[in-house]
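The chain contents come next:
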Amino acid sequence: MNYKTFSLLALSFFISQCVSTSKYLVLDTNDYASIYPSVDKVRGANSIVHYSEVTLDIKNEKSALFKHKEVFTILNKKDKTLAQLVVWYDQFRKVNYIKANIIDAKGAIIRSFNSNSAEDYSASGSNTFFSDSRVKVLELFHNSYPYTIEFEYELALKGLLNLPSWYPKSYNQSVEEAIFRLIDRSDMGVRYYQKNLDSEPEVKMEDGIEVKEWSIKNSLAVEREPYAPPSTEILPHISVAPGKFIMDKSIGDATTWESFGKWYFELGKDTRELSDEARKEIDEVVKGLTSEREIVHEVYHYLQKKTRYVSIQLGIGGWKPFTANYVFEKEYGDCKALTNYMQAVLEYLGIKVNPVLIRNGAFDPIVKPDFPSNQFNHVVILVTLENGEEIWLECTSKYMPPGEIGSGNEGKNALLVLQDGGTLIKTPESKAEDNETMTTRKISLNEDGIAMLEAYSQKTGIQRQNLIHELLPISEKQRREWFEENMPVSGYSIKNLDFSNIDQDKNSEISYSLQLNNYASTSSSRLFVPLNKLNSWDLNPKEQNNRTQGVWLSYRFSEKDSTVFEIPENFKIETMPKETIIETEFGSFSTQIINDISGNIVFKRELRITENKLKPEQYDDFRDFFRSVSKADEQQFVLVKRN
């Protein structure tokens, strides 16, 4: 018997001692088995789903019922957030009922809940201006572990573009049994996509209706490994999508990317008429410009200065953009509205432009190319100039330079929306040299270990984007505070700090001079000088045997450092560290140490990460690489007084 088989049997045995599953299927039972604390020894589980049943019953092209009932035990405080039952609703999702019980370790019901027990909140976030999305929340917390929660709720759905997905487990959660049932009574061509499941659904006939049923049983807990991909790449799940659909009064077809793109185009085609006042303002912005590229850059900066981003989620407003004139007059909008306004402006100027639907977020689920459906949460713009040059525009950012879309949008499957339909494309992905930090330093040492530092740092690409989004919105005083919080050393005084060049299109620059009061350690006759105290890496990925998950970093990048150490006149070099050269499939690291003709020490360092998505078998190399980088960054040289 192999280990996996033994573990599954052990899990099944433990759970069978803890709960009688058949008695947990209804909420009005009074017969509960006790929960044994020893169950938390099973393969790192912080919670266990004893039984879960999710049913999506599609009545017709306009309506469906979604029912979810579940019994699970929270074993320790690491999964205490599972005790908060959150049910979202809006004008397309109505909560029919909610029921829940809290059951202690002895099997006694401590407290029961219904829909009236739930707190009801607006789902508007800090950037959401208008929204009809709301959320009901039941706080099902108990002060003693383990304890069990059972709940059941039902939603009535209308407007079936966004059908619920099935996620039977989360990280560090074991599952005894979970079932998903898909019932399709319509003729709308409902489709599904499954991932990380061992088998296709069982197909049954119930009252002449086809029912697809998936189940997982005795599924062990999975721990999220460090730097792992999104959970959708690791854990089982099923996505469901319509073919034809109706949203509000809009009829669409998601059977192909072409038809889905056509629906989105038609949804917004009557929203891009500009008023005479708006056209007059645009004419002034581009006055005297002849180059298409210059015009695009200028009107993009105009958009950034004129408007601000807010989220608007009202009815089909989650998809249909507000008109261009609304944005012109109000000077705000969500991603759809700002993109639509920019499209209207460029079309007025005779420049080819298309919206691109995208799934924003560096660690958000990957858009599945062979499953046409609504998998998007954002929209950007692709401009195509007459000479064929393409310029990407992220219209929600007040600071992003034209041509850049950020780490959350790059390298993504995305839907280019054309007049005659949509086509799936991939957004550009930056290289290491595009996202670069270049720093030069001069460190003048004295015999007491005090150093005067003069430094200049320049950032490009995503490194620049991260910097400007932090610094441009805040005051000079707050920038100084940011600098102090991010300095990796203590015991210093600032002599000069210049942020005046952080808003350039191509790069951002910071220059500063400091007195470092304890840069080098001293003895009676020696100085112990760190080579890279100001930009050292302390990344130390833990050792893992049998790694199963890949490694994902947000983006590729490079760092180039050049530091000149001016040593005191009455000191000489006693020992110098060895130079380092590391080459891997995903990156490189090198250091170079030179004693120049002036007697100074020149230290050059370069770190490059050229691949940000690695296979599980590369984890050990990834770990060894950054451990070696950290070790090299900790090196020092020794100066000794001359006789």
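Scroll up to find the structure.
Residues numbered from 1 in each chain as written. Predicted model: local features only at pLDDT ≥ 70, side-chain atom pairs only at ≥ 80, totals over all residues. Heavy atoms only, no water.

Before going further, it helps to examine the sheet that holds strand E24 (residues 421-426). One open sheet accounts for five strands, arranged E22-E21-E20-E23-E24; its pairing is antiparallel. Looking at strand neighbours, the two that pair on one side only are strand E22 (390-393) and E24, the edges of this open sheet. Across this sheet, the average inter-strand angle for adjacent strands is 30°, counted without regard to direction. With four bridges joining them, strand E21 (residues 378-384) and E22 adopt antiparallel strand pairing. Within E22, the position partnered with Thr 384 by the bridge is Glu 390. Strands E21 and E22 of the sheet are contacted by helix H4 (residues 292-306), whose axis makes an angle of about 0° with E22. Of the strands in this sheet, strand E20 (352-358), E21 and E22 are in contact with helix H6 (residues 335-348), which crosses E21 at around 15°. (Pairing = 2+ DSSP bridges. Helix = DSSP H or I, 4+ residues; strand = E, 2+ residues; numbered from the N terminus. Axes fitted to C-alpha atoms, helices over the stretch in contact; angles between N-to-C directions. Contact = heavy atoms within 4.5 Å.)

With that settled, the discussion passes to the packing of aromatic side chains. All chains considered together, the criterion is met by 27 aromatic pairs. With centroids separated by 5.3 Å and ring planes inclined at 70°, the aromatic side chains of Phe 622 and Phe 626 adopt a geometry described as edge-to-face. Highlighted residues: Phe 622 and Phe 626, both in helix H9 (residues 619-633), separated by four residues, approximately one helical turn. Exposure remark for Phe 626: the relative accessible area of 2% places this residue in the buried category. Grouped by ring-pair contacts, the aromatic residues Tyr 227, Trp 537, Tyr 555, Phe 557, Phe 586, Tyr 619, Phe 622, Phe 625 and Phe 626 constitute a single cluster. Seen from the ring of Tyr 519, Lys 533 lies directly overhead, with NZ or CZ sitting 5.5 Å from the centre. Over the face of the ring belonging to Trp 552 we find Lys 613, whose NZ or CZ atom lies 4.7 Å from the ring centre. (Phe/Tyr/Trp six-rings, centres within 6.5 Å; stacked < 30°, edge-to-face > 60°. Buried < 20%, exposed > 50% of the residue type's maximum accessible area, 1.4 Å probe, protein only. Lys NZ or Arg CZ within 6 Å of the ring centre and 35° of its normal.)

Reported here for the second largest pocket is a volume of approximately 1100 Å³. What lines the second largest pocket is a set of 33 residues, and nearest its centre among them are Lys 169, Ser 219, Leu 220, Ala 221 and Val 222. Broken down by secondary-structure element, the contributors of at least two residues to the lining of the second largest pocket are helix H1 (3-18) and strand E13 (209-219). Per element, the largest residue contribution to the lining of the second largest pocket is seven residues, and it comes from E13. (1 Å grid on protein atoms, 1.4 Å probe; cavity = no way out; pocket = protein on both sides within 12 Å on 5 of 7 lines; lining within 4 Å. Points joined across faces, edges and corners; volume = space filled by probe spheres on them.)

H6 packs onto H4 with a crossing angle of 145° between their chain directions and a minimal axis gap of 11 Å. The two elements H4 and H6 meet at a crossing, and its hand is right-handed. Counted together, Val 296, Val 299, Tyr 300, Tyr 302, Leu 303 and Lys 306 of H4 and Leu 338, Tyr 341, Met 342, Val 345 and Leu 346 of H6 form the full contact between these two elements. Residues that form the contact of H4 with H6 fall into these classes: ten nonpolar, no polar and one charged. (Left-handed = near helix turned anticlockwise from the far one by under 90°. Nonpolar A, V, L, I, M, F, W, Y, C, P; charged D, E, K, R; others polar.)

On to the packing of helix H3 (residues 276-285) against H6, then. Relative orientation of the contacting elements H3 and H6 amounts to 70°, with a least axis distance of 11 Å. On the basis of the axis angle, H3 is roughly perpendicular to H6. On the side of H3, the interface is formed by Arg 279, Ile 282 and Asp 283, while H6 contributes Tyr 341, Val 345 and Tyr 348. When the residues that make up the contact of H3 with H6 are grouped by side-chain class, the tally is four nonpolar, no polar and two charged. (Parallel < 35°, antiparallel > 145°, perpendicular 65-115°, else oblique.)

Time to look at empty space enclosed by the protein. According to the stated counting rule, one finds three cavities of 30 Å³ or more in the structure shown. The space that makes up the largest cavity amounts to roughly 100 Å³. Elements that contribute at least two residues to the lining of the largest cavity include exactly helix H2 (257-268) and H6. Ranked by residue count, the leading element in the lining of the largest cavity is H6, at four residues. Of the residues belonging to the lining of the largest cavity, the class tally is six nonpolar, four polar and two charged.

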